[in-house]
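In case you want the letters, here they are:
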Amino acid sequence: LGMKTGSYLGSHLIEAAGPKRVGAAILYAMAGPDADRQERYARTWAPDLDIPEDGSLFTRLWAKNVGIYGTASPRDLSMCVAEAVINIDRYNSIYPATFRSHDRTWRLITEYSKLIPITILVPDGAQMTPEEQVELVSIPGTREVLMPAKGQFASQCPGPFTAAIREAISAVSAADVS
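The structure displayed is predicted, hence computed values, not measured ones.

Scoring rules and cut-offs
- Residues numbered from 1 in each chain as written.
- Predicted model: local features only at pLDDT ≥ 70, side-chain atom pairs only at ≥ 80, totals over all residues.
- Heavy atoms only, no water.
- Pairing = 2+ DSSP bridges.
- Helix = DSSP H or I, 4+ residues; strand = E, 2+ residues; numbered from the N terminus.
- Axes fitted to C-alpha atoms, helices over the stretch in contact; angles between N-to-C directions.
- Core = buried A, V, L, I, M, F, W, Y, C linked by side-chain atoms within 4.5 Å.
- Buried < 20%, exposed > 50% of the residue type's maximum accessible area, 1.4 Å probe, protein only.
- Contact = heavy atoms within 4.5 Å.

1. A look at the sheet that holds strand β3 (residues 118-122)
Item 1. With parallel pairing, the three strands of this open sheet are ordered in space as β1-β3-β7. The open sheet terminates on both sides in strands that have one partner only, identified here as β1 (25-28) and β7 (143-146). Shown here is a sheet whose adjacent strand axes are inclined to one another by a mean of 25 degrees, direction ignored.
Item 2. Relative to β7, β3 is paired through four bridges, and the arrangement is parallel. By the bridge assignment, L121 is partnered in β7 with V145.

2. What about the nonpolar core?
Item 1. Residues W45, L61, Y91 and F99 are the most contacted members of the largest nonpolar core, which totals 19 residues.
Item 2. Those elements that place two or more of their residues in this core are α2 (35-44), α3 (56-69), α4 (74-86) and α5 (88-100).
Item 3. Looking at this core, the element that brings in the most residues is α5, giving four residues.
Item 4. Residues in contact with L61, not counting those within four places in the same chain, are L49, V81, A84, V85 and Y91.
Item 5. One finds V22, I109, Y112 and V122 within the second-largest nonpolar core, a separate group that totals 15 residues.

So yeah, pure geometry; function would need other evidence.
Structure representation (structure tokens):
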């Protein structure tokens, strides 16, 4: 689950394991394919991070995440910063790869939605940078569930998030029985 890495990893796991082994998927909404935009994000959204002695990395990551998620959940912001720093080597490589394969991720989700149920959790808006809104679009063949928050659904709206997960699981279970 995730607008960038979650959908990338989820769709590629379905491809690797095959739709017979993956009965369903729940992913985060995505922007439509746009190779120029994705290449720009690959180069600029998550540039290589260094850890300077003055601690400015923490301030920079905090400001970036506040701009994207707002200040409603300082705990979530702290987790975003901590995860970026703890996983700095992966951070420096996964985002460019994710952005550069966005069109392929989109194609995989569209293709596999014909074979397995895919639920897309759609936020109440999304931003890639503090200044740039993301225009999320419907992915043909998927089922969409609107979330009353943006960003980290599990902590910002745990009730609707859990209900969406349960409903998707119930739909798959009901289909398996019939």
